[in-house]
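Here is what each chain is made of, one letter per residue.
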Amino acid sequence: MGFPQRVFSGVQPSGNLHLGNYLGAIKRFVELQARYDCIYCVVDLHAITVWQDPTELPRAIREVAAAFLACGIDPKKHIVFNQSQVAEHAELAWVFNCVARLGWLNRMTQFKEKAGKDRENASVGLYAYPTLMAADILVYRATHVPVGEDQKQHLELSRDIAQKFNKDFGQSIRDKGYGDTFFPLPEPLITGEATRVMSLRDGTKKMSKSDASDQSRINLTDDADAIAQKIRRAKTDPEPLPSEEKGLETRPEADNLVGIYAALTDTTRALVLKQFGNAQFSTFKTALTDAAVAKLGPIAAEMKRLLSDATAIDKVLADGAARAQKLAGETMKAVKDIVGFVHS
Ligand code: TYM
């Protein structure tokens, strides 16, 4: 069955938005606005699956919202809001907790990584995280989900949940007149040259908000000096750049920097290597710094300007939440019908 095409994606307000979040996700959110109706969410309910200081969380939520706007997301044409303002996300997540199987969640590598050795002490929320993510997407019956490579497994789980719900409740879906299937199977959109941006200190580790070393990542709020310094110190190998992509295969740090440059300048690794093949890293790093500063400088400045007026950001989020709630409310009403809850 054909579902109307709609994009949904989310970013956690857990501090330190970085170049990976920008190139792997937010930059692509911006591009998709031209082709789809989009819903972009600051996923604060997900953030509290690990401890968040209540005095810091509001700033972190507004910072992600400011990043969305500063990068070029239009909150009037599309929807920008924070998750906790639309209760239907948590409500549908509960239904999905009863659809998803323990065995499915036990396979989630992100839980294993985040819970670490002290698994007994991880929150129940961290374990159930992917069912809430499925609810985020499916409460809008979204069909396309732009994410970085690290979210692929969660997206597959969302598809499994949608499929099992459609199957388990198939009879009820048809009886209540909702067609043959109620939820679409959302498609991950993992595209471009920077689906997995790596740490600047170690080309085999993902660039991440939670890395103890600030030198490992470029933050969206870094100024030109900080960007230049981090790129200058970024780990490399002694060889000049190869002139073809194949030459990057065993060189994770070179591959990462070339990928970042390609994504920042909207080109491909192959074309970057045509230009910089046989160049020394010192030359390439200067060009990379210029590209990063040219792209990120205006974003940082605009974020700063937006964050100086919290009331204005809160208004954008409240307006987006009201519009999102209308859509989510309709889905939830239908889900209640389908599951068999008595409701008004
Ligand atoms: P989060 O907040 O960790 O990251 C936000 C987005 O940034 C991408 N990303 C990266 N891309 C490339 N290279 C990197 N090093 C890198 N680090 C992060 C992530 O893949 C993501 O797209 N669970 C999600 C948030 C979420 C969500 C959703 C996403 C909640 N509900 C529904 C899509 C649909 C997360 O923790 O992203």
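Because the structure is a prediction, the values reported are computed rather than measured.

Chemist: Residues and numbers for helix α7 (residues 124–138), please.
Modeler: Between its terminal C-alpha atoms α7 stretches 22 Å, which fits the 21 Å expected from 15 residues at 1.5 Å a residue. Its axis deflected by about 45° at Pro-130, α7 carries its strongest bend there. Buried within α7 are the following residues: Leu-126, Ala-128, Tyr-129, Pro-130, Thr-131, Leu-132, Met-133, Ala-134, Ala-135, Asp-136, Ile-137 and Leu-138.

Chemist: Describe the pairing of strand β2 (residues 37–42), and please don't skip the residues or the numbers.
Modeler: Taking burial as the measure, the 6 residues of β2 include 5 buried ones, the bulk of the element. Across 6 bridges, the pairing between strand β1 (residues 6–11) and β2 is parallel. Within β2, the residue paired with Val-11 across the bridge is Val-42. What joins β1 to β2 is helix α1 (residues 19–32), and the crossover it makes is right-handed. Taken together, the 4 bridges between β2 and strand β3 (residues 79–82) define a ladder with parallel strand orientation. Opposite Val-42, over in β3, you have Asn-82 as the bridge partner.

Chemist: Mind laying out the site of the ligand, listing which residues take part and the relevant values?
Modeler: Residues in close proximity to the ligand total 28 residues, the closest being Gln-12, Tyr-129, Asp-136, Asp-150 and Val-197. Here Val-197 contributes a backbone N or O atom positioned 2.8 Å from a nitrogen atom of the ligand. A distance of 2.9 Å separates an oxygen atom of the ligand from a polar side-chain atom of Lys-209. Its free accessible area being 710 Å², the ligand has 97% of it covered by the protein chains. Tallied by class, residues from the shell around the ligand come to 12 nonpolar, 11 polar and 5 charged.

Thresholds applied
- Residues numbered from 1 in each chain as written.
- Predicted model: local features only at pLDDT ≥ 70, side-chain atom pairs only at ≥ 80, totals over all residues.
- Heavy atoms only, no water.
- Helix = DSSP H or I, 4+ residues; strand = E, 2+ residues; numbered from the N terminus.
- Expected span 1.5 Å × (residues − 1).
- Bend = angle between axes of the 7 residues up to and from the residue.
- Buried < 20%, exposed > 50% of the residue type's maximum accessible area, 1.4 Å probe, protein only.
- Pairing = 2+ DSSP bridges.
- Right-handed = clockwise from strand over helix to strand, strands pointing away.
- Near = heavy atom within 4 Å.
- Polar contact = N/O pair within 3.5 Å; in protein donor to acceptor, adjacent residues only side chain to side chain.
- Areas by Shrake-Rupley, 256 points an atom, 1.4 Å probe, with all protein chains shown as cover.
- Nonpolar A, V, L, I, M, F, W, Y, C, P; charged D, E, K, R; others polar.

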